Structure formats: structure tokens, C-alpha cells
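What follows is each chain in one-letter form.
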Amino acid sequence: MRVHSLRVMVAAALVTAALSGCIVAPAPGYYGGEVVYTAPPALQYEAVGVAPAPGYLWIGGGWFWEGGRYGWHPGYWAAPRPGYRWAPRTWVRAGGGWRAREGHWERH
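Everything numeric in this text was worked out from a predicted model, so none of it was measured.

Engineer: Would you mind showing me how to read the overall build of the chain here?
Structural biologist: Each helix and strand counted, the chain has one helix and eight strands in total. Reading the secondary structure of the chain in the N-to-C direction produces α-β-β-β-β-β-β-β-β. For the chain, restricting intrachain contacts to residue pairs at least 6 apart in sequence, the fraction spanning at least 24 positions comes to 46%. Total accessible area on the chain is roughly 8300 Å²; 63% of this is exposed by carbon and sulfur atoms.

Engineer: How should the pairing of strand E3 (residues 69-73) be read in this particular structure?
Structural biologist: For a regular strand, the rule is simple: side chains alternate between the two faces of the sheet. Pairing between strand E2 (residues 62-66) and E3: five bridges, direction antiparallel. By the bridge assignment, Trp-63 is partnered in E3 with Trp-72.

Engineer: So what exactly am I meant to see when it comes to the pattern of salt bridges here?
Structural biologist: Think of it this way: side chains of opposite charge can pair up when their charged atoms draw near. On inspection of all chains with the given rule, the structure shows two salt bridges. As a salt-bridge pair, Glu-106 and Arg-85 come within 2.4 Å of each other at their nearest N and O atoms. Remark: Arg-85 occurs in strand E5 (residues 84-87) and Glu-106 occurs in strand E8 (residues 104-107); sequence separation between them is 21 residues. Salt-bridge contacts for Glu-102 lead to Arg-89; the nearest nitrogen and oxygen are separated by 3.0 Å. Here Glu-102 is found in the loop between strand E7 (97-101) and E8, whereas its partner Arg-89 is found in the loop between E5 and strand E6 (90-94), with 13 residues between them in sequence. Classification of Glu-102 by relative accessible area gives partly exposed; the value is 24%.

Engineer: Just to check I follow, could you spell out the confidence of the model for the chain for this structure?
Structural biologist: Low-pLDDT portions of the prediction should not be read for the details of their coordinates. On average, residues of the chain score 82 in pLDDT, and 71% of them reach the 70 mark or higher. Averaged pLDDT values over the elements of the chain bottom out at 59 in helix H1 (residues 2-19) and peak at 97 in strand E4 (residues 76-78). Every residue in residues 17-32 is under pLDDT 50, and counting partners more than four places away or in other chains gives eight contacts.

Engineer: Help me understand the environment of Gly-96, please; the structure alone is not making it clear to me.
Structural biologist: Along the chain, Gly-96 falls in the loop between E6 and E7. Owing to a relative accessible area of 70%, Gly-96 belongs among the exposed residues under this scheme. Separated by 60 residues in sequence, Gly-96 and Val-36 place their C-alpha atoms 8.7 Å apart.

Engineer: Would you mind going over the packing of aromatic side chains with me for this structure?
Structural biologist: Per the stated rule, a full pass over the model turns up five aromatic pairs. Between Trp-58 and Trp-77, the aromatic rings sit 5.3 Å apart at their centres with planes inclined by 70°, giving edge-to-face as the arrangement. Here Trp-77 lies in strand E4 and Trp-58 lies in strand E1 (residues 57-59), a separation of 19 residues in the sequence. Relative to Trp-72, the ring of Trp-63 lies with its centre 5.2 Å away and its plane at 70°, an arrangement referred to as edge-to-face. Comparing Trp-63 with Trp-72, the two get one shared label, buried. Taken together, the ring pairs connect Trp-65, Tyr-70 and Trp-91 into an aromatic cluster. Here the guanidinium or amino end of Arg-81 rests over the ring plane of Tyr-84, the centre of that ring lying 4.5 Å away. A cation sits over an aromatic face here: Arg-89 above Phe-64, 3.7 Å from the ring centre.

Definitions and limits used
- Counting restarts for each chain: residues are numbered from 1 in the order of the written sequence.
- Reporting of local features is limited, given that this is a predicted model, to residues whose pLDDT is at least 70; pairs of side-chain atoms are given and counted only at 80 or more, and all residues count toward the totals for whole chains, interfaces and linings.
- No hydrogens and no water enter the side-chain calculation; it runs on all heavy atoms of the structure.
- Secondary structure elements are taken from DSSP: a helix is a run of H or I of four residues or more, a strand is a run of E of two residues or more, and numbering for both begins at the N terminus.
- In what follows, residue pairs with any heavy atoms lying within 4.5 Å of each other are defined as contacts.
- Here the accessible surface of atoms and residues is derived via Shrake-Rupley with a 1.4 Å probe, and residues count as covered only by protein chains that are part of the display.
- Following DSSP output, two strands are said to pair if at least two bridges run between them.
- Any carboxyl oxygen of Asp or Glu within 4 Å of a side-chain nitrogen of Lys or Arg constitutes a salt bridge here.
- Burial classes: relative accessible area under 20% of the type maximum marks a residue as buried, over 50% as exposed, and values in between as partly exposed (1.4 Å probe, protein chains only).
- The predictor attaches a confidence to each residue, and that confidence, scored 0 to 100, is pLDDT.
- When the centres of two rings from Phe, Tyr and Trp lie within 6.5 Å, Trp using its six-membered ring, the rings pair. Their planes under 30 degrees apart give stacked, over 60 give edge-to-face, and anything left gives tilted.
- Lysine and arginine charges are scored as sitting over a ring when NZ or CZ, respectively, is within 6 Å of the ring centre and within 35 degrees of the ring normal.

Spelled out as C-alpha cells, the structure:
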């Protein structure tokens, strides 16, 4: 019985040590930190339908740098936030390339 308990404890310690080396990090550029050396394409036209409820705000789609190329993420409706306005996602020149400035809610 003691040998079995000792083996279980050693196995648990080895698994814990192996997993402690795992690090989960966001993909580069996910938070706009990566400088991209290709200008983003022009915004795509999006047909905006009817809001799901009165006062909802349309958050326009945008280009995201993913997997070494630009990918379009379509727009969506968002519930209003009293006292805030939506600042859309933009691309700004930085470091000889382009850097994403994420969309966010900001106070009026």
C-alpha cells in the first residue's frame, strides 16, 4: 500500500512539474502590439440591417492581422452604454509600418 501511494505522489509531482512550464499567451498582434509592414486594405462595405432593439449601436467591421495576413471581421450590433461613446478600431502608422488601435468605449 505504501509503495502504491509513493508512486501516485511521484507521478503527481512529475505531472505538476511538467505542466508548470506551460505558458498561455495571446497571439502576436491580438492586442494591436505588432507592427505590420503592409498597409491595411480599404474598409469593406457592410449592409447594416435593423437594430435588434431601440438605441443599439452598429459597431462596424474591420481588418485584423492574423496568420500573416489581413482578415475581415464583420460588424455587429451592441447595446448602448450610457455616458460612453464607441471609438472605432483604426490602423495608425508606427515604426515604419502599421499598428492597430483597438476599438473601445470611452466616456463622453
